[in-house]
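# Coordinate analysis (summary)
If you want the building blocks of each chain, they are given just below.
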Amino acid sequence: MSEQTLPAPRPEAAADRERLRELIRDLAVVRGRVTLSSGVEADHYVDLRRITLHHEAAPLVGRVMRDLLRSEGLVPGIEAVGGLTLGADPVATAILHASAAEGADPLDAFVVRKANKAHGLQRRIEGPDVAGRRVLAVEDTSTTGGSVLTACEALTEAGADIAAVAVIVHRAEASRRAVEEAGYRYLSAYDIDELEI
């Protein structure tokens with residue numbers, strides 16, 4: 001899709017993006033020495049579940065991420081969004097709800113399990129089938145890219161066409177590098193520097 005044919009931004013897009021940035025800065029940034037899931041130590045932690053599960057912030061996440069996809073020429077075009085449970089689940093559902101509220105180009109959501117389910121349909125990816133569909137793999141934030149790349153492996157095995165990987169907050173260059181080296185486009189709504197930590 002060329003730049004000339006990209007849809008115009010929503011009138012409220014800039015205000016929504018700024019309000020979500022403020023909420024992330026004020027509610028999600030936890031100061032103090034922590035060990036991240038990657039094993040890396042940091043002097044702060046960005047707990048985005050405090051955002052993706054918050055009554056005001058979650059709808060903003062959906063709209064801001066949808067605006068990001070629109071500005072990158074991925075909406076219309078993507079059919080479903082999701083990632084590795086648990087961090088990706090509320091991000092995907094926020095985007096699903098934002099797309100449904102817009103009414104045009106709605107997206108389905110899916111959940112990637114860490115391992116195949118041992119009973120029932122024994123599916124690794126829950127929700128509508130992703131085989132042959134253009135999808136977006138999401139995560140709330142990423143330090144190494146490990147979680148979202150695990151989701152991408154499962155999606156590839158299931159026959160999905162991965163359009164891009166997107167995070168709310170880009171935390172570390174290692175994650176971008178890992179995702180891009182794996183052959184995927186990497187998008188983020190915010191850079192860690194925007195949070196004024």
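Residues numbered from 1 in each chain as written. Predicted model: local features only at pLDDT ≥ 70, side-chain atom pairs only at ≥ 80, totals over all residues. Heavy atoms only, no water.

So, on to the nonpolar core. In this structure, Leu-20, Ile-24, Ile-51, Val-138 and Ile-168 are the most contacted members of the largest nonpolar core, which totals 38 residues. At the level of secondary structure, the elements contributing two or more residues to this core comprise α1 (13-28), α3 (57-71), α4 (88-102), β6 (134-142), β7 (161-170) and β8 (186-191). Ranked by residues supplied to this core, first place goes to α3 with seven residues. Ignoring anything within four residues of it in the chain, the contact list for Ile-24 reads Val-29, Val-46, Leu-48, Ile-51, Ile-168, Val-169, Tyr-190 and Leu-195. Core analysis: the second largest hydrophobic core is formed by 21 residues, Val-112, Val-130, Ile-162 and Tyr-184 among them. (Core = buried A, V, L, I, M, F, W, Y, C linked by side-chain atoms within 4.5 Å. Buried < 20%, exposed > 50% of the residue type's maximum accessible area, 1.4 Å probe, protein only. Helix = DSSP H or I, 4+ residues; strand = E, 2+ residues; numbered from the N terminus. Contact = heavy atoms within 4.5 Å.)

Turning our eyes to something else, we now look at the environment of Thr-93. You can see Thr-93 is positioned in helix α4. Between the C-alpha atoms of Thr-93 and Pro-59, which are 34 residues apart in sequence, the distance is 9.5 Å.

A word on the pattern of salt bridges. Scanning all chains against the criterion turns up 22 salt bridges. Here Glu-18 and Arg-21 are joined by a salt bridge, their closest N and O atoms 2.9 Å apart. Of this pair, Glu-18 and Arg-21 both sit in helix α1, three residues apart, which is roughly one turn of that helix. Among the ionic pairs, Asp-67 bridges to Arg-70, the shortest N-O distance being 2.7 Å. Here the residue Asp-67 and the residue Arg-70 both occupy positions in helix α3, the gap between them amounting to three residues, near one helical turn. (Salt bridge = Lys/Arg side-chain N within 4 Å of Asp/Glu carboxyl O.)

Moving on: the packing of α1 against α3. In the contact formed by α1 and α3, the axes pass within 9 Å of each other and the chain directions differ by 130 degrees. As summarised for this structure, α1 and α3 are arranged oblique, according to the angle between their axes. The handedness of the crossing between α1 and α3 is left-handed. Residues Ala-13, Asp-16, Arg-17, Arg-19, Leu-20 and Leu-23 of α1 lie in contact with α3, whose contacting residues are Ala-57, Leu-60, Val-61, Arg-63, Val-64 and Asp-67. Classifying every residue of the contact of α1 with α3 by side-chain character gives seven nonpolar, no polar and five charged. (Axes fitted to C-alpha atoms, helices over the stretch in contact; angles between N-to-C directions. Parallel < 35°, antiparallel > 145°, perpendicular 65-115°, else oblique. Left-handed = near helix turned anticlockwise from the far one by under 90°. Nonpolar A, V, L, I, M, F, W, Y, C, P; charged D, E, K, R; others polar.)

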